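# Chain and residue survey
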Amino acid sequence: MKIPLKNAAELDAMRVSCRMTASVLGQVAAAIQPGVTTGELDALARRLIAGMNAKPSFLGYRGYPGAMCISINDEVIHGIPGRRVVLPGDVVSLDVGVYYNGFHGDCATTVTAGVTDPDVIRLVETTRRALDAAVAAVRPGCRLSDVSHTIEGVVQAGGCSVVRDFVGHGVGRHLHEDPQIPNYGTPGHGPVLKPGMTLAIEPMVNLGRPDVAVQDDGWTVVTRDGKPSAHFEHTVAVLEESVEVLTLA
Ligand code: MF3
Ligand code: CO
């Protein structure tokens, strides 16, 4: 496993693409309201990305047809934007990547406008806290599975379950680089984190059972038990003595 390290200039370029990514994600999240279609949200993302002279990282990746992944309720990740209408009480996960100046940014969030079910709110807040705790656990010299274990611990404490079939990843000149970053694991394993690594950490968390399936469209990942799922993602950089969250608007 060869993990690409970014030098200072490359980290600066990552800062730019990642800030763009976060900006798009924030603007699309702000546009969510009952009645909007996922296709309209995707079109907004495409306009925003084109307006920055950047490219959507996901569009055409292994044939993926959207600029964003928009995954609602029991959809975990990789929901394809289209005619689906956002309804009051929907749990909407938004995931976007932006490619600019040779580097990708990748981030995701889950929006709960109008959600009142306390279990669903617990799901989303647990997933958000799992990502925050994971970021806080990143430091040079620690092992990758320390980060994975941190995520699993927060999710278990929240009474939710970690999706095991999909993982976070390194990100940079390519959308997916080494290492793979599972959202579970025992501490003290895997590569030692080093300055210059840029990682997309992305807990995918289910309210019910961890089992998922891919739908007939070949992309959309859903929970097998039909219960809701949440997803948060940041691209972060390991620095000499700390971690920097790159996907902040
Ligand atoms: N954030 C997701 C990932 O890193 C989105 C990928 S969607 C794809 O894997 F279409 F690009 F595959
Ligand atoms: Co990702």
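Residues numbered from 1 in each chain as written. Chains lettered and ligands numbered in written order. Predicted model: local features only at pLDDT ≥ 70, side-chain atom pairs only at ≥ 80, totals over all residues. Heavy atoms only, no water.

Before going further, it helps to spend a moment on the site of ligand 1. Neighbouring residues of ligand 1: 13 residues in total, closest Tyr64, Asp95, Asp106, His169 and His176. Between ligand 1 and His169, the relevant distance is 2.7 Å, taken from an oxygen atom to a side-chain nitrogen or oxygen of the residue. Within the side chain of Glu233, one N or O atom sits 3.1 Å away from a nitrogen atom of ligand 1. Across the complex, the protein chains shield 95% of the 330 Å² of accessible surface that ligand 1 would expose by itself. When its residues are assigned to classes, the shell around ligand 1 shows 6 nonpolar, 3 polar and 4 charged. (Near = heavy atom within 4 Å. Polar contact = N/O pair within 3.5 Å; in protein donor to acceptor, adjacent residues only side chain to side chain. Areas by Shrake-Rupley, 256 points an atom, 1.4 Å probe, with all protein chains shown as cover. Nonpolar A, V, L, I, M, F, W, Y, C, P; charged D, E, K, R; others polar.)

Every protein donor of the cobalt ion (ligand 2) is listed here as Asp106 (OD), His169 (NE2), Glu202 (OE) and Glu233 (OE), and their distances to the metal cover 2.1 to 2.3 Å. Coordination at the cobalt ion (ligand 2) is irregular, judged from the 6 donor atoms that bind it and the angles of 66 to 168 degrees they form at the metal. Considered as a linear motif, the donors of the cobalt ion (ligand 2) on their single chain read D-x62-H-x32-E-x30-E. Taken together, the residues span a long stretch of sequence, with Asp106 in strand β5 (residues 103-111) and Glu233 in the loop between β13 (229-231) and β14 (234-238) at a distance of 127 residues. For Asp106, a relative accessible area of 2% translates into the label buried. Here Glu233 falls in the buried class, since its relative accessible area comes to 1%. (Donors = N, O, S within 2.8 Å, 3.2 Å for Na, K, Ca; no water. Tetrahedral: all angles 85-135°; square planar, octahedral: opposite > 155°, others 65-115°. Helix = DSSP H or I, 4+ residues; strand = E, 2+ residues; numbered from the N terminus. Buried < 20%, exposed > 50% of the residue type's maximum accessible area, 1.4 Å probe, protein only.)

Moving on, we come to the pattern of salt bridges. Counted according to the given criterion, the structure contains 9 salt bridges. A salt bridge links Lys6 to Glu177; its shortest N-O distance comes to 2.8 Å. Pair noted here: Lys6 is in the segment before α1 (8-30) and Glu177 is in strand β8 (residues 177-181), with a separation of 171 residues, a long-range link. Just as Lys6 is buried, Glu177 falls in that class too. (Salt bridge = Lys/Arg side-chain N within 4 Å of Asp/Glu carboxyl O.)

Taking every second residue as pointing to the same face, both faces of strand β9 (residues 198-201) are buried, with Thr198 and Ala200 on one and Leu199 and Ile201 on the other. Sheet analysis places strand β7 (residues 168-170) next to β9, joined by 2 bridges and oriented antiparallel. If you follow His169 over to β9, its bridge partner there is Ala200. (Pairing = 2+ DSSP bridges.)

This part takes up empty space enclosed by the protein. Summary: where empty space remains is shown by rolling a probe the size of a single water molecule over the atoms. Evaluation of the coordinates by the stated rule reveals 1 cavity of 30 Å³ or more. For the lining of the largest cavity, the class distribution of residues is 6 nonpolar, no polar and 1 charged. (1 Å grid on protein atoms, 1.4 Å probe; cavity = no way out; pocket = protein on both sides within 12 Å on 5 of 7 lines; lining within 4 Å. Points joined across faces, edges and corners; volume = space filled by probe spheres on them.)

Below, the discussion takes up the packing of aromatic side chains. Here the structure, examined in full by the defined rule, presents 1 aromatic pair. Taking 4.9 Å as the distance between ring centres and 80 degrees as the angle between the ring planes, the aromatic pair formed by Tyr64 and Trp219 counts as edge-to-face. On the criterion of sequence distance, the pair formed by Tyr64 in the loop between β1 (55-56) and β2 (68-72) and Trp219 in the loop between β11 (212-214) and β12 (221-223) is long-range, its members being 155 residues apart. Pair check on accessibility: Tyr64 and Trp219 agree, each one buried. Seen from the ring of Tyr184, Arg164 lies directly overhead, with NZ or CZ sitting 3.7 Å from the centre. (Phe/Tyr/Trp six-rings, centres within 6.5 Å; stacked < 30°, edge-to-face > 60°. Lys NZ or Arg CZ within 6 Å of the ring centre and 35° of its normal.)

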